[in-house]
Amino acid sequence: MPSQNPSLPERLHQLQRSLRETPVVELNEEGIRLFAKLEYNNPFGSLKDRPAFWLLKTAVERGEVTQDTTLVESSSGNFANAMASYCRLLGLKFIPVIDPNIAGANEAYLRRMCETVVKVEQRDETGGFLKTRLRKVQELLCSSPVSYWPNQYGNPLVAEAHYRFTGEEICRAFKQVDYVFVGVSTGGTIAGVSTRVKEQFPNAKVIAVDAEGSVIFGGAPKKRYIPGIGASVRAELVDRALIDDVVMVPEIDTVRACRELLFRHGLLVGGSSGSCYAAVKRYLPTMRAVSPPNVVFLCADKGGAYLDTVFNDQWCSRLEQ
């Protein structure tokens, strides 16, 4: 008979049942077999659910997080949403540190789920907000006597989560994988997925997808407006990834790809998903040399949070200026 007052580890074990396998759908693209892995079917709407859960579970098992711990993390939206949701279910205090590029719907969700939300407004020296967010995280950790920083930018458990879940599911879904396109921000997704996929399919090519203006792969920094992909700092986890090539995507191409996925393929997805699809399109001449290759790209989240930006004509017209 289950306990009426389950412990924190017991409640986490119960929550793990909600992490079900996400579907893969085939899209019609000439010359290749193209598959979208719909990570937005995770419980709280994005691929960040997996590392958020795995970090929490492991931290609790190690005794690093107890019922009295305050968790603090920097996020552009999805990781904060996932962490806020799990913490609310577990009765833990969580303080997300966000910036003005966060989607309005994501910010509204966080303000409903968290007692405290900290929003930085000042851009860092690269023109982005990440360094400013990370400095604020350290301030908050120092001001709280019992606190924990999940550190999605450097914690190897993030890569482990995507190795165990996302990468493993790709390997189970296919007899052969030739190309995998993964959007890069913190680096944990591509680190975990690339390692697992290349174990199963050694000849598979892992293509990192980044946004123009991001510095992750040595590009010149500039202002970016679409969250969830790119960064103003190269995260440690990127160095763990097995990457064969990198495609840099202008944000206007991300917008066009998101709209094509909606109006041609019936998928309402967010910015990083559109960036991956734009990278696939750019890479088509290379991939068609294999007949026909199996190509997988990750759809990190749904497009509902982007209706005021990526799917808003007025907002997009300003992006083109």
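The rules we used
- Residues numbered from 1 in each chain as written.
- Predicted model: local features only at pLDDT ≥ 70, side-chain atom pairs only at ≥ 80, totals over all residues.
- Heavy atoms only, no water.
- Phe/Tyr/Trp six-rings, centres within 6.5 Å; stacked < 30°, edge-to-face > 60°.
- Helix = DSSP H or I, 4+ residues; strand = E, 2+ residues; numbered from the N terminus.
- Buried < 20%, exposed > 50% of the residue type's maximum accessible area, 1.4 Å probe, protein only.
- Polar contact = N/O pair within 3.5 Å; in protein donor to acceptor, adjacent residues only side chain to side chain.
- Contact = heavy atoms within 4.5 Å.
- Pairing = 2+ DSSP bridges.
- Axes fitted to C-alpha atoms, helices over the stretch in contact; angles between N-to-C directions.
- Expected span 1.5 Å × (residues − 1).

Asks: It is not clear to me how the packing of aromatic side chains should be interpreted in this structure. Could you clarify?
Replies: The relative placement of two aromatic rings is captured by the distance of their centres and the angle of their planes. Under the defined criterion, the tally for this structure stands at seven aromatic pairs. Residues Y179 and Y283 carry aromatic rings whose centres are separated by 6.1 Å and whose planes lie at 65° to one another, so their mutual orientation is edge-to-face. Here Y179 is found in strand β7 (residues 179-183), whereas its partner Y283 is found in helix α9 (residues 271-287), with 104 residues between them in sequence. Grouping aromatic residues by their ring pairs yields a cluster made of F44, F53 and Y86.

Asks: Is there a simple way to explain the side chain of N81 in this structure?
Replies: Looking at the secondary structure, you find N81 in helix α3 (residues 78-90). Owing to a relative accessible area of 7%, N81 belongs among the buried residues under this scheme. Side-chain polar atoms of N81 contact the side chain of N106, separated by 2.9 Å. Ignoring anything within four residues of it in the chain, the contact list for N81 reads N106, Y109 and L110.

Asks: Before we go on, may I ask you to explain the sheet that holds strand β4 (residues 93-98) in this structure?
Replies: Strand-to-strand pairing in sheets goes through backbone hydrogen bonds, with the strands running parallel or antiparallel. Pairing is parallel in the open sheet, where four strands are placed in the order β5-β4-β3-β6. The strands lining the two open edges of the sheet, one partner per strand, are β5 (118-119) and β6 (147-148). For β4 and β5, the ladder comprises two bridges, and the chain directions are parallel. Considered in β5, the bridge of V97 is made with V118. Each of β3 (70-74) and β4 is contacted by α3, which is oriented at about 170° to β4, the strand it contacts most.

Asks: Just checking my understanding: could you explain helix α8 (residues 251-265) for this structure?
Replies: Since there are 3.6 residues in each turn of an α-helix, residues three or four apart along the chain are aligned in direction. A rise of 1.5 Å per residue sets the reference length of α8, with its 15 residues, at 21 Å; its end C-alpha atoms lie 20 Å apart and thus fit the reference within 8%. Residues E251, I252, T254, V255, A257, C258, L261 and H265 constitute the buried set of α8. Against the buried residues of α8 lie β1 (24-27), β9 (245-249), α9, β10 (294-299) and α10 (313-320). Following α8 by one or two positions, G266 adopts a phi angle in the positive range, close to 75°.

Asks: Mind showing me how you'd approach the environment of L262 here?
Replies: When you line up the elements, L262 lands in helix α8. Expressed as a C-alpha distance, the spacing of L262 and R135, which sit 127 residues apart in the sequence, is 38 Å. Aside from chain neighbours lying at most four places away, what touches L262 is L267, L268 and F311.

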